[in-house]
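# Inside the fold
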Amino acid sequence: MKKFLTKLPEQASRLLIVFIVFIALVLLVRFLLPASLKDHNIHIQNTVATEMSRQVRYAGSEVCASCHDEYNLKKNGYHKNLSCETCHGTLKEHSENPTEIKPLVPRQRDFCTRCHAFDPSRPTGFPQINPSAHNPMKACVSCHNPHDPKPPNVPQECQACHAEIARTKAISSHVMLECTICHEVPTQHKVAPRNVKASIPAEREFCGKCHSTQSIIKETSKVDLATHGEKYLCWQCHYPHMPEVE
Amino acid sequence: MERRKFGKKLFTLVVSSTVFGGLLKKANAQTKDYDPSKHYYGMGIQTNKCIGCGKCVEACKDENNVPKEPFFFRTWVERYTIKKDGEVTVQNIDSRITTHRDNIFEKEILRSFFVPKLCNQCDNPPCVQVCPVGATFKTEDGVIIVDDERCIGCRYCIQACPYGARYLHPEKQTADKCTFCYHRITKGLPPACVEVCPSQARIFGDLKSGASPLGRFKRLFKLHVLKPFLNTEPKVSYSDLDGEVR
């Protein structure tokens, strides 16, 4: 072979090299290059196929309805058009493995205020609250059921005359308390309100039933009655119908 | 580079690309039952329903592995604030609500609203025209897709898009954009942003199907598209769009 190459005139061997390179190029294009580099349509097809084969993470509400009853509860409330995954996060993995992978259950206050805090850019009529005045520190789910959200059923018996107090109380942490828990109301008060008055709690210990450190009731703010504001009555600093205001 | 090293690299490149091409062909065979010629996708956005909660942005990032940092978006929500003296401010709201009242007093606001934005999936897409390697194209069902294997990250398309809908993916160093969640819509699911929108501000649908929520949207409202003078012919149309929106 070596003899053959050396015998060959130089121009012929160069021509041979060019020829071999040409053949190699043809083979490269013909067999080794992927089809997507040669044909635009094949490239489009392949890219579309990879795009279609990507992982789905949001399953869609229909999947949830097949197991969960909450879906039926939700369908008559204000949140009827909300997808489950708006609040509970991506659920595709949960739907495939319901026992091990659990969905998000947001209970904290700032989750709800992302949609329902007042914002001047929001459309008129969308239900919004002022988070610093509307039961601050209280979790929204303690009064509102997120699957059927509506204003909670609050005691209304005194509202006809004491509407201003009722409105104030409605956004305070005492909202769920009936008036008669703190005020003793004689039946005659409804007939002759100016002559027969309802009682007003006069002792610190009355508020202490819920708010002293010895109290067994949970979910209330606690103070030590012995050291907290000794000689004053509670209502001299805290307005009971709107106790949050400092 | 040394000749030997170059030869090795060429060899690995050729082999890997042929193998990859083969794999793609296999993926293609799996998704045969979807016929793109029967669909043509579009979206409608009811601007006055958007409450600016940013759920769509979050869902899009979850579904499409968009980096969580607040400069990479496939879809995003803008807050327009027009003051009484005519000054217009546009803010890209983060998934966390930013308190814009810090710098604009509420009394100075003439009107304020949110505008959700995403790729308009133009019928005449400027981003496709400028791609030097043909990595981005319009599919048969009207969605603009980027092939991140082919994209060289030159950023021409990011410059060309008049809507700012593209960004350079910081890890892949390729252009990335909204695909209407192509992997979801081809399975009959709505895009992730549409799925989670709590106020149904986004309406997704097939322009070729007869009766659909999108058809109703197009019939009922006075519609507008963004920057119509550029003749890009967007497939995302907006109702109740303010004249200040750019």
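Residue numbers restart at each chain and count upward from 1, following the sequence in its written direction. All chains are assigned letters beginning with A, and all ligands numbers beginning with 1, in the order in which they are written. Totals for whole chains, interfaces and linings use all residues, but because this is a predicted model, local features are given only for residues with pLDDT of at least 70 and pairs of side-chain atoms are given and counted only at 80 or more.

### Some details on the overall build of chain A
For the record, the criterion: Helix and strand assignments come from DSSP, with helices taken as H or I runs of at least 4 residues and strands as E runs of at least 2, each series counted from the N terminus. Radius of gyration here is computed from C-alpha atoms only, and the compact-globule reference equals 2.2 Å multiplied by the residue count raised to the power 0.38. Neighbour counting defines burial: a residue surrounded by 20 or more other C-beta atoms within 10 Å of its own C-beta is buried, one with 12 or fewer is exposed, and intermediate counts give partly exposed, using backbone-placed C-beta atoms.
Of the regular secondary structure elements, chain A holds 14 helices and 0 strands. Ordered by position from N to C terminus, the α and β elements of chain A give α-α-α-α-α-α-α-α-α-α-α-α-α-α. Whereas a compact globule of 246 residues would reach a radius of gyration of roughly 18 Å, chain A reaches 37 Å, over 25% beyond that. Dimensions of chain A, computed from the C-alpha atoms along their principal axes, are close to 135 × 45 × 40 Å. In chain A, buried positions account for 14% of the 246 residues.

### Observations regarding the overall build of chain B
Counting its secondary structure elements, chain B contains 7 helices and 11 strands. Relative to its 246 residues, chain B shows a buried fraction of 36%.

### Regarding the domain arrangement of chain A
Residue and element names in this part refer to chain A. Filter applied, for reference: An automatic or database domain assignment supplies the residue ranges for each domain. Note that Gly is not counted as nonpolar here; it falls among the polar residues with everything else outside the nonpolar set of Ala, Val, Leu, Ile, Met, Phe, Trp, Tyr, Cys and Pro and the charged set of Asp, Glu, Lys and Arg.
Along its sequence, chain A is carved into domain 1 (61-115 + 129-142) and domain 2 (163-187 + 195-237). Computed from C-alpha coordinates alone, the two centres of domain 1 and domain 2 are separated by 34 Å. Residues belonging to the side of domain 1 that touches domain 2 are distributed by class as follows: 1 nonpolar, 2 polar and 1 charged.

### Notes on the sheet that holds strand β3 (residues 88-93) of chain B
Residues and elements named next belong to chain B. Worth spelling out the cut-off: Note on pairing: DSSP must find at least two bridges between two strands before they are called paired. Fitted lines through C-alpha atoms serve as axes, helices being fitted only where they are in contact, and the angles separating the N-to-C directions of these axes extend from 0 to 180 degrees. By the convention adopted here, residues are in contact when the distance between their C-beta atoms, placed from the backbone, does not exceed 7 Å.
Taken together, the 3 strands give an open sheet; going across it, the order is β3-β2-β4, and neighbouring strands pair in antiparallel fashion. In this open sheet, the two edge strands, each paired with only one partner strand, are β3 and β4 (109-118). Geometrically, the sheet is characterised by an average inter-axis angle of 20° between neighbouring strands, direction not taken into account. As paired strands, strand β2 (residues 75-83) and β4 are joined by 9 bridges and run antiparallel to one another. Bridge pairing links Val77 to Pro116 in β4. In the packing of helix α2 (residues 55-64) onto the sheet, contacts are made with β2 and β4, and the angle to β2 comes to roughly 160°.

### Concerning the environment of Ala59 of chain A
Residues and elements named next belong to chain A. Structurally, Ala59 can be placed in the loop between α4 (40-52) and α5 (61-65). When the 20 C-beta atoms within 10 Å are taken as the criterion, Ala59 is described as buried. Spatially, the C-alpha atom of Ala59 lies 27 Å from that of Lys150, the residues being 91 residues apart in sequence. When neighbours within four sequence positions are excluded, Ala59 is seen to be in contact with Leu91, Lys92 and Ser95.

### Side note on the sheet that holds strand β10 (residues 223-224) of chain B
Two strands in a sheet stick together by hydrogen bonds in their backbones, pointing the same way (parallel) or opposite ways (antiparallel). Residues and elements named next belong to chain B. Read across the sheet, 4 strands follow the order β9-β1-β11-β10 without closing on themselves; strand pairing throughout is mixed. This sheet does not close on itself; its edge strands, each paired only once, are β9 (202-206) and β10. Two strands pair when backbone bridges link them, and strand β1 (residues 41-46) and β9 are joined in this way by 5 bridges, in the antiparallel orientation. Paired with Ile45 across the strands is Arg202, a residue of β9. On top of the sheet, helix α7 (residues 213-220) reaches β1, β9 and β10; it is set at about 115° to β9, its chief contact.

### Some details on the interface of chain A and chain B
A common way to state how big an interface is: give the accessible area lost once the parts meet. At the interface, 36 residues of chain A touch 42 residues of chain B. Ranked by residues supplied to the side of chain A that touches chain B, first place goes to α4 of chain A with 11 residues. When its residues are assigned to classes, the side of chain A that touches chain B shows 15 nonpolar, 14 polar and 7 charged.

### Examining the pairing of β1 of chain B
Residues and elements named next belong to chain B. Burial analysis of β1 places 6 of its 6 residues in the buried class, the great majority of the element. Going residue by residue along β1, you find Tyr41, Met43 and Ile45 tucked away on one face and Gly42, Gly44 and Gln46 tucked away on the opposite face as well. Relative to strand β11 (residues 236-239), β1 runs parallel, the two being bridged by 4 bridges. By the bridge assignment, Gln46 is partnered in β11 with Ser239.

### Things to note about the pairing of β11 of chain B
As defined by bridge partners, β10 of chain B adjoins β11 of chain B across 2 bridges and the pair is classed as antiparallel. By the bridge assignment for β11 of chain B, Leu223 of chain B is matched with Ser239 of chain B.

### Observations concerning the nonpolar core
As a reminder, the rule being used: What makes a nonpolar core is a set of buried Ala, Val, Leu, Ile, Met, Phe, Trp, Tyr and Cys residues, with links drawn between C-beta atoms within 7 Å.
By size, the foremost hydrophobic cluster in this structure holds 57 residues, and its most contacted members are Cys56, Ala59, Phe180, Ala192 and Cys193 of chain B. Leaving out residues up to four positions away in the same chain, Cys193 of chain B has contacts with Cys56, Ala59, Cys60, Thr75 and Arg202 of chain B.

### What to know about helix α2 (residues 10-32) of chain A
Test applied: For a helix, the expected span equals 1.5 Å multiplied by the number of residues minus one.
For α2 of chain A, which comprises 23 residues, the first-to-last C-alpha distance of 32 Å matches the rise-based estimate of 33 Å (1.5 Å per residue) to within 8%. Burial of α2 of chain A is sparse: only 0 of the 23 residues sit out of reach of the surface.

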